[in-house]
Amino acid sequence: MTYFDFLETVEFEGPGSKNPLAFNYYQADKKIGKKTMAEHLRFSMAYWHSLTEDGSDPFGNPTMDRPWNNYQDSMDRAEAKVEAAFELMSKLGINYFCFHDVDVAPEGATIKESNENLEKMAELLKKKMEATGIKLLWGTSNLFSHPIYMHGAATSPQAKVFACAAAKVKKAIEVTKYLGGENYVFWGGREGYETLLNTNMKLEQDNLARFFYLVIEYAEKIGFNGQFLIEPKPKEPTKHQYDFDCASVLAFLRKYDLEGYFKLNIEANHATLAGHTFQHELRYARINDMLGSVDANQGDLLLGWDTDQFPSNLYNTSLAMYEVLKNGGLAPGGLNFDAKVRRGSYQLQDLVQGHILGMDSFAKGLEVAHSLINSQEIEDLISSRYKSYQEGLGSKIVEENTSLEELAEIAQSFKLSEIKTNSGSQEKLEAILNRHLLGSLNSD
Ligand code: XLS
Ligand code: NI
Ligand code: NI
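Since the structure is predicted, the reported quantities are computational estimates derived from the model, not experimental observations.

Help me out: how do you make sense of the overall build of the protein chain in this one?
Scanning the protein chain from terminus to terminus reveals 16 helices and 12 strands. Over its C-alpha trace the protein chain gives a radius of gyration of 24 Å, about what one expects of a compact globule, namely 22 Å for 444 residues. Projected onto the principal axes, the alpha-carbon positions of the protein chain cover approximately 80 × 60 × 45 Å. For the protein chain, the residues scored as buried account for 48% of the 444 residues in total. The contacts of the protein chain with a sequence gap of at least 6 include a subset with a gap of at least 24, amounting to 76%. Working note: accessible area of the protein chain is about 21,700 Å², and carbon and sulfur atoms make up 52% of it. Seen as two clouds, the 45 positive and the 62 negative side-chain charges of the protein chain have centres 2 Å apart.

Quick question: what am I supposed to make of the layout of surface pockets here?
What the largest pocket holds in volume is close to 1,200 Å³. Around the largest pocket, the lining comprises 44 residues; the ones closest to its centre are His49, Glu53, Asp306, Asp308 and Lys340. At the level of elements, helix H2 (47-52), helix H4 (101-104), strand S5 (135-140) and strand S6 (183-187) are the ones that each hand at least two residues to the lining of the largest pocket. No other element matches the 4 residues that H2 contributes to the lining of the largest pocket. A class-by-class count of the residues in the lining of the largest pocket yields 16 nonpolar, 11 polar and 17 charged. Together, 15 residues line the second largest pocket, and Gln279, Arg283, Ile378, Ile382 and Leu429 are the ones closest to its centre. Secondary-structure elements contributing two or more residues to the lining of the second largest pocket are helix H10 (278-287), helix H11 (314-326), helix H13 (377-385) and helix H16 (426-442). Tallied by class, the residues present in the lining of the second largest pocket amount to 8 nonpolar, 4 polar and 3 charged.

Looking at this structure, I do not really get the pattern of salt bridges. What am I missing?
Pairs can form between side chains of opposite charge once their charged atoms are near each other. Across all of its chains, the model carries 21 salt bridges by this definition. Glu379 serves as the salt-bridge partner of Lys326, at 2.7 Å between the closest nitrogen and oxygen. Taken together, the residues span a long stretch of sequence, with Lys326 in helix H11 and Glu379 in helix H13 at a distance of 53 residues. You can call Glu379 buried: its relative accessible area is 13%. When the shortest N-O distance is used, the salt bridge between Glu377 and Arg435 registers 2.5 Å. You can see Glu377 sitting in helix H13 and its partner Arg435 sitting in helix H16, a full 58 residues away along the chain. Assessed through its relative accessible area of 22%, Glu377 is described here as partly exposed.

Sorry, what's going on with the packing of helix H12 (residues 348-375) against H13 here?
A pair of packed helices is captured by two measures, namely the crossing angle of their axes and the spacing between those axes. Remark: H12 packs on H13, axes separated minimally by 5 Å, with the N-to-C direction vectors making an angle of 50°. By the angle class used here, H12 and H13 are oblique. For the pair H12 and H13, contact is made by Leu372, Ile373 and Ser375 and by Glu377, Ile378 and Glu379, respectively. The residue inventory of the contact of H12 with H13, partitioned by class, reads 3 nonpolar, 1 polar and 2 charged.

Is there a simple way to explain the coordination of the nickel ion (ligand 3) in this structure?
For a metal bound by four donors in tetrahedral geometry, the ideal donor-metal-donor angle is 109.5 degrees, whereas six donors in octahedral geometry ideally sit at 90 or 180 degrees. Binding of the nickel ion (ligand 3) to the protein goes through Glu267 (OE), His270 (NE2), Asp306 (OD) and Asp308 (OD), at separations of 1.9 to 2.8 Å. Between the 4 donor atoms coordinating the nickel ion (ligand 3), the angles at the centre fall across 74 to 141°, so the site counts as irregular. All donors to the nickel ion (ligand 3) come from one chain, and their sequence spacing reads E-x2-H-x35-D-x1-D. Between the two metal centres, the nickel ion (ligand 3) and the nickel ion (ligand 2), the spacing is 4.2 Å, with Glu267 acting as a shared donor. Here Asp306 lies in the loop between strand S11 (291-295) and H11 and His270 lies in helix H9 (residues 268-273), a separation of 36 residues in the sequence. Assessed through its relative accessible area of 4%, His270 is described here as buried.

Would you take a moment to explain empty space enclosed by the protein for this structure?
Here the idea is plain: a probe the size of a water molecule rolls over the atoms and shows the empty space left. According to the stated counting rule, one finds 3 cavities of 30 Å³ or more in the structure shown. Put simply, the largest cavity is a space of about 160 Å³. Surrounding the largest cavity, 19 residues form its lining, Leu143, Phe186, Trp187, Gly188 and Glu191 being those nearest its centre. Every element with two or more residues in the lining of the largest cavity is listed here: S6 and helix H7 (201-222). Top element by residues in the lining of the largest cavity is S6. It accounts for 4 residues. Across the lining of the largest cavity, the residue classes tally to 12 nonpolar, 4 polar and 3 charged.

Rules used throughout
- Residues numbered from 1 in each chain as written.
- Chains lettered and ligands numbered in written order.
- Predicted model: local features only at pLDDT ≥ 70, side-chain atom pairs only at ≥ 80, totals over all residues.
- Heavy atoms only, no water.
- Helix = DSSP H or I, 4+ residues; strand = E, 2+ residues; numbered from the N terminus.
- Rg over C-alpha atoms; globule rule 2.2 N^0.38 Å.
- Buried < 20%, exposed > 50% of the residue type's maximum accessible area, 1.4 Å probe, protein only.
- Contact = heavy atoms within 4.5 Å.
- Areas by Shrake-Rupley, 256 points an atom, 1.4 Å probe, with all protein chains shown as cover.
- Lys, Arg positive; Asp, Glu negative; His and termini not counted.
- Charge placed at Lys NZ, Arg CZ, Asp CG, Glu CD.
- 1 Å grid on protein atoms, 1.4 Å probe; cavity = no way out; pocket = protein on both sides within 12 Å on 5 of 7 lines; lining within 4 Å.
- Points joined across faces, edges and corners; volume = space filled by probe spheres on them.
- Nonpolar A, V, L, I, M, F, W, Y, C, P; charged D, E, K, R; others polar.
- Salt bridge = Lys/Arg side-chain N within 4 Å of Asp/Glu carboxyl O.
- Axes fitted to C-alpha atoms, helices over the stretch in contact; angles between N-to-C directions.
- Parallel < 35°, antiparallel > 145°, perpendicular 65-115°, else oblique.
- Donors = N, O, S within 2.8 Å, 3.2 Å for Na, K, Ca; no water.
- Tetrahedral: all angles 85-135°; square planar, octahedral: opposite > 155°, others 65-115°.

Structural data, given as structure tokens:
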């Protein structure tokens, strides 16, 4: 059974093409520096947004035209979704996908029943992966949809819920391993709180760490070598999520001696919900050697929730790819389109165009970032801005070869009006960024 009959393989037709079902910028084999675009970008499709979701929102019924969901039987539906998923990825040239357990297999009345469904579906997924060469970027477990997780999973006040979460994650890691998944993600789901009036924050956070100890122990036991990733988000669905942003996750990991076991999966829209730019979160993770993978989407700054839109903003994709290149790439992570089309974009063609938009936007971002880094213009400005730390007083500070007394002594001789700091040159830098962006567009 095929679902995207209107679509041939999506090809690169260049910036002049007005074909909405072709790439203007993404050219899988094009070399940017030493790697191809496909190797740099490692695009991934999010199973939940692209296959499972139906467009319903708190105000309205499903809108999406998703013919694979028209089967009565839930296992038939799951199998049809696999067909649709691999057809879509193959036609788009997307080499990776990500899923939650419940996206690929229906939940049963018991954990045993759910596990059996998942095992069956994993076999089918594996066959499809072998036939197409498409790989699993990461697996994860949905610990937030079922009502038992209403107060959290590992941070639930009910120990039985902690145990159910453990059972689900155990299975999801086994399946991720079976499918050769390169990473495994923990997004906080409902690990957080609505009000401190009913919350033992200390026990909840200790339990979250205990949960991670159990996971690490089991992963080692079964030889799962994928990278564990934590995905920060400040709010939604709970008012306050424990994994608020990169800095709070890092503090948590350090407190519980877990730092070496995880990296971060950074989502653009979660960064902006936390009051940061996407680039801030990527930079923070990178300089702490924690940048693992990216959920590539964008939010709407006028809306206070996670709109999970396909990325289109070229400034943001350029600055994101700047961090990714400076990080030496993302592998074994990648760019996962944790993005959904708008409720009104209900046709299958919209789903294809969403992915094309995202892939083109990141391809262009990659070219701009590469050109920026090659030119060294930003690096030169930054290094001259901090050059006082390369000699004399500054190198004493950097080499940690001074004392508060010595600095006080030295500073006493300064005339404050004679201390000059270079201009921050923000406008000049913004113009440089524009020049690379527009230059890259004009050179097409
Ligand atoms: C929700 C998260 C979720 C994770 C996977 O906001 O982005 O989709 O990526 O559980
Ligand atoms: Ni995400
Ligand atoms: Ni999100």
